[in-house]
Amino acid sequence: YGVLAVQAMAAGRIVVGDVTNEVRRHVRHATGMTVPIVQATPETLTSVLRDLADDVETARRSAQAGPDFVAAVHDGALAATVLARALGL
């Protein structure tokens, strides 16, 4: 996922995208948090959007998880910690 997805999560919006299992595992391992991006591929996008429309509570939870995720993972502090560790600081 990229900057636009992070901006949308920070705004508390539902984000739908194709995030690999490897990325999801890495984020979970590194942060203890789950990427709150609803999984969809080009082939599944229509059904995923229909499911979100039918299950408003799941959609709402996904959107509400975004701001906390962005604050914890994408505010720069985590990147600084990782870089400091890599540089032996």
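Up top is the structure these notes are about.
Thresholds, definitions, all that
- Here, residues in each chain are numbered from 1, in the same order as that chain's written sequence.
- With pLDDT at 70 or above as the cut-off, local features in this predicted model cover only qualifying residues; side-chain atom pairs require 80 or more to be listed or tallied, and sums for whole chains, interfaces and linings still use all residues.
- Derived side-chain values reflect all non-hydrogen atoms in the structure, with water molecules and hydrogen atoms excluded from consideration.
- Under the DSSP-based scheme used, a helix requires at least four consecutive residues in state H or I and a strand at least two consecutive residues in state E, with every element numbered from the N terminus.
- Should any heavy atoms of two residues lie within 4.5 Å, those residues are counted as being in contact.
- Whether a residue is buried, partly exposed or exposed follows from its accessible area with a 1.4 Å probe, protein chains only, as a fraction of its type maximum: under 20%, in between, or over 50%, in that order.
- What is meant by a nonpolar core is a set of buried Ala, Val, Leu, Ile, Met, Phe, Trp, Tyr and Cys residues, joined one to another through side-chain atoms within 4.5 Å.
- A side-chain nitrogen of Lys or Arg and a carboxyl oxygen of Asp or Glu constitute a salt bridge if their distance falls within 4 Å.
- Axis lines are fitted through C-alpha atoms, for helices just across the contact stretch, and the angle between N-to-C directions can take any value from 0 to 180 degrees.
- To obtain the arc, one takes the directions from the helix axis to the C-beta atoms.

On to the environment of Gly 66. Inspection of the secondary structure assignment puts Gly 66 in helix H4 (residues 56–73). Sequence-wise, Gly 66 and Gln 7 are 59 residues apart; in three dimensions their C-alpha atoms are separated by 9.2 Å. Setting aside anything within four residues of it in sequence, one finds Gly 66 in contact with Met 9 and Pro 36.

Our focus in this paragraph is the side chain of Ser 62. Residue placement: Ser 62 occurs in helix H4. For Ser 62, a relative accessible area of 12% puts it in the buried group. Setting aside chain neighbours within four positions, we find Ser 62 in contact with Pro 36 and Val 38.

Here we take up the nonpolar core. Core analysis: the biggest nonpolar cluster contains eleven residues, these being Ala 5, Val 6, Met 9, Val 15, Val 19, Val 27, Val 35, Ile 37, Phe 69, Val 70 and Val 73. The next biggest cluster of nonpolar side chains, apart from the first, holds five residues, and it includes Val 38, Ala 40, Leu 52 and Ala 59.

Another aspect to go through is the pattern of salt bridges. Across all of its chains, the model carries two salt bridges by this definition. With a closest N to O distance of 3.9 Å, Glu 57 and Arg 61 form a salt bridge. Here Glu 57 pairs with Arg 61, and both are found in helix H4, just four residues apart, close to one helical turn. For Glu 57, a relative accessible area of 39% puts it in the partly exposed group. One continuous salt-bridge network, built from bridges that share partners, spans Glu 57, Arg 60 and Arg 61.

Okay, the packing of helix H1 (residues 3–10) against H4 next. Helix-helix packing is characterised by the crossing angle of the two axes and by the distance between the axes. The N-to-C vectors of H1 and H4 enclose an angle of 120°; their axes lie 7 Å apart at closest approach. Packed against H1, whose contacting residues are Val 6, Met 9 and Ala 10, the element H4 presents Gly 66, Pro 67, Phe 69 and Val 70 at the interface.

This paragraph deals with H1. Of all the positions in H1, only Ala 5, Val 6 and Met 9 are classed as buried. Relative to the axis of H1, the buried residues are bounded by an arc of 100° and lie together on one face. Exposed residues pointing more than 90 degrees away from the buried face of H1 are listed as Val 3 and Leu 4. As for H1, its buried residues are in contact with H4. Two residues or fewer after H1 comes Gly 12, characterised by a positive phi angle close to 75°.

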